[in-house]
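One letter stands for each residue in the lines below.
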Amino acid sequence: MGITKTDFMRGMQCRKMLWLDKHKPSLKIIPPEVQQCLDAGNDFGDRAMAMFGPYEEMTVYLPGRQIPDTKAMIAKTQEHLEKGTQVICEAAFSNYNNYCAADILRKTESGYDMYEVKKAPMVHEQFIKDVGFQYYIINRCKVKIGKIFIVTHGPDEENPFVLNDVTAQAKGYSKWINDNIWDLNRMQKQPEEIEVEPGEQCSNPYECWYYKYCHKGEDLNG
C-alpha cells in the first residue's frame, strides 16, 4: 500500500507521526475521549449512508478479521460503477497504490457527486483537505466527480445531515496533494526514524497520539 487518506492527513500534520504509524505503532496512545469521538463519528457515518435512500456498501473484511480487504473493495466498487449503481458507500479506489474510500458517491447524469461525512457542527479546513485527497485519487482513476459536499451534523436529530458544497476548494487542493504525496510515500518507507522537533504540529489541528513519546523527558504538567 502506498499512501492512504489517513496517512496523508497525518503525514502533512507531522511527517514523524506518519513514520511512527508505520514503524512504531505500539507507542500510540489514544485518549478514551478521543476514541469516543471517533466511534460517534463512525456511527454518524453509518447513519448517513441511507440519506439518499437505498445504497450499496463496498466494505469487505479480511477473513476472520475486522480489517478492510482493500483489493476486494476496489474490485467491488468497480463492479458497481460499471452497473451504474445509484448510491455507492465506502467506494474504494487506488492509484499507484495510493488509496482512499469515499463515504458516499451518488450518481448524476454525467458521473458522480461525492459526500464526505463528518460529525461536526461546521466545516473545517482539514475536512476540505481530506475530501480533496479523495478527489485527487478518484479523478486519477478516471471516475468523473461533479460536486463535492461535506456532510456536517445539523442542530438537532430531526435534521441531522447538512450538505456543504466545497467543490471548488476541494478540487483546488490537487496540486498541493500531488506535490506532497510522493515525498510522503518515500519517507514512510525509510528505516531511520524521522527527526522532527516538537512544536505547534504536536497539537494542531489534532493532538498527536505520540505526544508523550516525542515529549519524553519533559515535565508535561507544567
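Everything numeric in this text was worked out from a predicted model, so none of it was measured.

(A) How the structure looks around the overall build of the protein chain. Scanning the protein chain from terminus to terminus reveals eight helices and six strands. Counting from the amino terminus, the protein chain carries its helices and strands in the arrangement α-α-α-β-α-β-β-β-α-β-β-α-α-α. Taking 2.2 N^0.38 as the reference for a compact globule, 222 residues should give roughly 17 Å; the C-alpha atoms of the protein chain span a radius of gyration of 18 Å, in line with that estimate. Seen through its principal axes, the protein chain has C-alpha atoms that stretch 60 × 40 × 40 Å. Each of the 222 residues in the protein chain was classed as buried or not, and the buried ones make up 43%. Considering only residue pairs separated by 6 or more positions, the protein chain has 64% of its internal contacts joining residues 24 or more positions apart.

(B) Summary view of the side chain of K5. Secondary-structure assignment places K5 in helix α1 (residues 5–13). Using a relative accessible area of 15% as the deciding quantity, one classes K5 as buried. Leave out the neighbours within four places in its chain, and K5 touches Y99, E116, D130, F133 and Q134.

(C) Representation of the environment of D39. Relative to the helices and strands, D39 is located in helix α3 (residues 32–48). On the accessibility criterion, D39 (38% relative accessible area) is partly exposed. Considered as a pair, D39 and D179 are 140 residues apart in the sequence and their alpha carbons are 32 Å apart.

(D) Structural context of unusual backbone geometry. Residues N204 and P205 are joined by a peptide bond in cis, for which omega reads 5°. Inspection of the secondary structure puts P205 in the loop between α7 (174–189) and α8 (211–214). In the Ramachandran plot, E90 falls in the positive-phi region, its phi being about 55° despite a non-glycine side chain. When you line up the elements, E90 lands in strand β2 (residues 87–95). Its relative accessible area of 21% is what places E90 among the partly exposed residues. Its identity as a non-glycine residue notwithstanding, Y96 has a phi of 50°, on the positive side. Among the secondary structure elements, Y96 is positioned in the loop between β2 and β3 (98–107).

(E) Inspection of the state of the cysteines at higher detail. Under the definition given, this model contains zero disulfides. There is no disulfide at C14, and the cysteine sulfur nearest it, in C208, is 6.4 Å away. With no disulfide partner, C214 has as its closest neighbouring cysteine sulfur the one in C208, 5.8 Å distant. The exposure class assigned to C214 is partly exposed, which follows from its relative accessible area of 23%.

(F) Layout of the packing of aromatic side chains. All chains considered together, the criterion is met by seven aromatic pairs. Measuring from centroid to centroid gives 4.8 Å for F52 and Y115, while their planes differ by 55°, and the two rings are tilted. Here F52 is found in the loop between α3 and β1 (56–57), whereas its partner Y115 is found in strand β4 (residues 112–117), with 63 residues between them in sequence. Relative accessible area serves as the criterion here: at 2%, Y115 is assigned to the buried category. In this structure an aromatic cluster arises from ring pairing among F8, F133, Y173 and W176. Positioned above the aromatic ring of Y213, the side-chain terminus of K216 is 3.9 Å from the ring centre.

The rules behind each value
- Residues numbered from 1 in each chain as written.
- Predicted model: local features only at pLDDT ≥ 70, side-chain atom pairs only at ≥ 80, totals over all residues.
- Heavy atoms only, no water.
- Helix = DSSP H or I, 4+ residues; strand = E, 2+ residues; numbered from the N terminus.
- Rg over C-alpha atoms; globule rule 2.2 N^0.38 Å.
- Buried < 20%, exposed > 50% of the residue type's maximum accessible area, 1.4 Å probe, protein only.
- Contact = heavy atoms within 4.5 Å.
- Disulfide = S-S within 2.5 Å.
- Phe/Tyr/Trp six-rings, centres within 6.5 Å; stacked < 30°, edge-to-face > 60°.
- Lys NZ or Arg CZ within 6 Å of the ring centre and 35° of its normal.

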